[in-house]
Amino acid sequence: MMLINKVRSLNWDELLAYDTVKTVTVKDWRLGLIRVLFVLGILGYVLGYQLLMEKQYLKVEPPVGTIRTSILQPQNGSRRFNLSYCGTSPPDKLFFAPCLDWDETDALFPIAEQSAMHVTTRVTLSLQEKTCTSSYTNCTAWKETPEKDYFIVDIERFTILMDHTMSTPTNGIAATGKSLPGTLLDSDDNQIDVKQRYPGRKNTFGVLGKHDILELQVFLDAAKVKLDDESTSSANESWRYSGCVLLVFISYDNTFSFNTNNLRYKIKVVQVKNTEFKAVEPVHFPGNETYQQRMIKNRHGVRLLFLQIGTLGKFDFQNFLLTIVSGLGLLAFATIIVDILASKILPEKDIYNKYLFEETVNFAEIKKNKQPAQMVVLDS
């Protein structure tokens, strides 16, 4: 009973007082200027940066896709044979070796890969013969003839075809490489004009309706790799001898303009530093059913890894609404900052507080005395 009386005696009008916003015009140019600067800054951030520059009204999605590649040797007698690295003088097998006249079938191993390619620049050949018969259960010993190193003649002039397609499962954007304009970049993001840089060569890039076809030399130049320079992965070896790894980034984009139907792609080639590549291919001779003899092709070369990346966007009302609402929140925050300056920091804060904060009469007393609220307001 005492608890009930105590609860009844509480001043609920004081405990549950309602704070509301009161519009007050403060005629002080300092506060007005700060408020205007805040508003202009927020509008510039939301409209200029978030919407115009970053296009945060878009729902972005990375692409997924496939790449088909093939390689072809130089055609119509354009292949060069009198090359400086083909020979044994000076007698340095790391930079000079006899050359083999291989075509695209010999130079490519493995034959078919998804989003990758290995082009042979140097091969070491050796014949092996088992020193025991197959009747022995643990017959693993091989007699090997002396190894011989060979370079593949004019491998830089071999042309590589790239047929790449991409799509975004959620946004429903899809395209093929030959339906888009493209740009070729080197490892420092400098644009390469293949027609101007390689006049008269069999290079086609970024042409609508045609697949991209580039010589291996173009990929090497874009990655700033010279096959006859000394390798950084193995001492006293050239890149032609040790092999190297190149990352070919294919980046798709439709956010560079306000029309998301405009798509383009950029290809950038980067070398993986201090890395060489090789693949060993065993070849068994026809009629050798017992597998007693084989040739080992120890291939070193240029490993190309194709990576499809990018940002593709489509207008999304929810993202647009979130951007606008976040801007409104910043405007409210600006008002709070100006109010703090007026009521807590500026010298005239006591005067400002009298206008900014006002307390009503106690409506419990009004209800107790049964006096009309209108009369109380008028009396005050």
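In this report, the structure presented in the accompanying data block is examined. (Residues numbered from 1 in each chain as written. Predicted model: local features only at pLDDT ≥ 70, side-chain atom pairs only at ≥ 80, totals over all residues. Heavy atoms only, no water.)

Here we look at the state of the cysteines
Then step 1. Using the criterion set out here, one finds 1 disulfide in the structure.
Then step 2. Across the disulfide, C86 is cross-linked to C99 (sulfur-sulfur distance 1.9 Å). Here the S-S torsion is close to -85°, and the disulfide linking C86 with C99 is therefore left-handed. With C86 in the loop between strand 2 (64-72) and strand 3 (99-100) and C99 in strand 3, the pair connects residues that are 13 residues apart, well separated along the chain. (Disulfide = S-S within 2.5 Å. Helix = DSSP H or I, 4+ residues; strand = E, 2+ residues; numbered from the N terminus.)

Regarding the environment of D106
Then step 1. Along the chain, D106 turns up in helix 4 (residues 104-107).
Then step 2. Distance in space between the C-alpha atoms of D106 and V119 is 9.4 Å, their sequence separation being 13 residues.

Section: the nonpolar core
Generally speaking, nonpolar side chains in soluble globular proteins are found buried as a group.
Then step 1. Grouped together as the largest cluster of nonpolar side chains are 49 residues, with contacts concentrated most on F219, L246, I267 and L304.
Then step 2. If we skip the residues at most four places from it in the chain, I267 touches M162, T183, L184, L185, F205, D212, V248, F249 and I250. (Core = buried A, V, L, I, M, F, W, Y, C linked by side-chain atoms within 4.5 Å. Buried < 20%, exposed > 50% of the residue type's maximum accessible area, 1.4 Å probe, protein only. Contact = heavy atoms within 4.5 Å.)

A look at a nonpolar patch on the surface
Then step 1. On the surface, Y45, Y49, L52, M53, F258 and L330 cluster together to form a nonpolar patch covering roughly 620 Å² of accessible area.
Then step 2. Among the elements that make up the nonpolar patch, the one with the highest residue count is helix 3 (residues 29-53) (4 residues).
Then step 3. Looking at the element boundaries, L330 is found in helix 8 (residues 317-345). (Patch = residues over 30% accessible without salt bridge, like charges linked within 9 Å, V, L, I, M, F, W, Y side chains within 5 Å. Areas by Shrake-Rupley, 256 points an atom, 1.4 Å probe, with all protein chains shown as cover. Salt bridge = Lys/Arg side-chain N within 4 Å of Asp/Glu carboxyl O.)

Observations regarding the packing of helix 8 against helix 9 (residues 349-356)
Then step 1. Contact geometry for helix 8 and helix 9: axes closest at 6 Å, N-to-C directions at 125°. In terms of their interaxial angle, helix 8 and helix 9 are classed as oblique. Together, A342, S343, K344 and I345 of helix 8 and K349, Y352, N353 and L356 of helix 9 make up the contact between the two elements. (Axes fitted to C-alpha atoms, helices over the stretch in contact; angles between N-to-C directions. Parallel < 35°, antiparallel > 145°, perpendicular 65-115°, else oblique.)

So, the pattern of salt bridges
Then step 1. Taken as a whole and judged by the stated rule, the model has 13 salt bridges.
Then step 2. Across the pair E348 and R30 runs a salt bridge whose closest N-O atoms are separated by 2.9 Å. One end of the pair, E348, is in the loop between helix 8 and helix 9; the other, R30, is in helix 3, and 318 residues separate them in sequence.
Then step 3. Residue classification places R30 among the partly exposed residues on the basis of a relative accessible area of 27%.
Then step 4. R303 serves as the salt-bridge partner of E113, at 2.8 Å between the closest nitrogen and oxygen. Within this pair, whereas E113 is found in the loop between helix 4 and strand 4 (116-130), its partner R303 is found in strand 15 (residues 293-315), the two being separated by 190 residues in sequence.
Then step 5. Since its relative accessible area comes to 26%, E113 is described here as partly exposed.

A short note on helix 8
Then step 1. Helix length check: helix 8, at 29 residues, gives a terminal C-alpha distance of 41 Å against a target of 42 Å (1.5 Å per residue), a fit within 8%.
Then step 2. When we look at burial in helix 8, the residues that qualify are T323, G327, A334, V338, L341, A342 and S343. (Expected span 1.5 Å × (residues − 1).)

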